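Chain and residue survey
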Amino acid sequence: MKEYSKGIYVKFKPEEVEILHDRMKEAGVQNMSAYIRKMAINGYVIIPEWPDLNRVISLHARISNNLNQYAKDRQGVLKVYLKESKKQKCKLIIS
């Protein structure tokens, strides 16, 4: 974590705070201190937009969810299969 040693305190009017929150939302920033620091030093915030990357992330999440569902389903089938195989072994031994 970064160490900041100097604190600067700024007061805003309620209307200005609303504007600040709106601009933070537009930029996709949730940390007010980081937003104000970036704006004070650079004068702008760059918002990277990668629709292809967002699509890949969405597809990855869907695939992962499907794989988890298959794994859970297979685990249930495996348990049933093991129970049945144990019963058959017992039947074979008894017969």
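The sections below set out a description of the structure shown in this document. (Residues numbered from 1 in each chain as written. Predicted model: local features only at pLDDT ≥ 70, side-chain atom pairs only at ≥ 80, totals over all residues. Heavy atoms only, no water.)

**A closer look at the overall build of the protein**
Check the secondary structure of the protein and you find three helices and zero strands. Along the protein, helices and strands appear, N-terminal first, in the series α-α-α. Counting across all 95 residues of the protein, residues that qualify as buried make up 5%. Of the roughly 9,600 Å² that the protein leaves accessible, carbon and sulfur atoms contribute 58%. (Helix = DSSP H or I, 4+ residues; strand = E, 2+ residues; numbered from the N terminus. Buried < 20%, exposed > 50% of the residue type's maximum accessible area, 1.4 Å probe, protein only. Areas by Shrake-Rupley, 256 points an atom, 1.4 Å probe, with all protein chains shown as cover.)

**Quick notes on the packing of helix 1 (residues 14-27) against helix 2 (residues 32-42)**
At a minimum axis separation of 11 Å, helix 1 and helix 2 run at an interaxial angle of 90 degrees. It follows that helix 1 is roughly perpendicular to helix 2 by the angle criterion. Touching L20, H21, R23, M24 and A27 of helix 1 are M32, Y35 and I36, all from helix 2. Its residues assigned to classes, the contact of helix 1 with helix 2 shows six nonpolar, one polar and one charged. (Axes fitted to C-alpha atoms, helices over the stretch in contact; angles between N-to-C directions. Parallel < 35°, antiparallel > 145°, perpendicular 65-115°, else oblique. Contact = heavy atoms within 4.5 Å. Nonpolar A, V, L, I, M, F, W, Y, C, P; charged D, E, K, R; others polar.)

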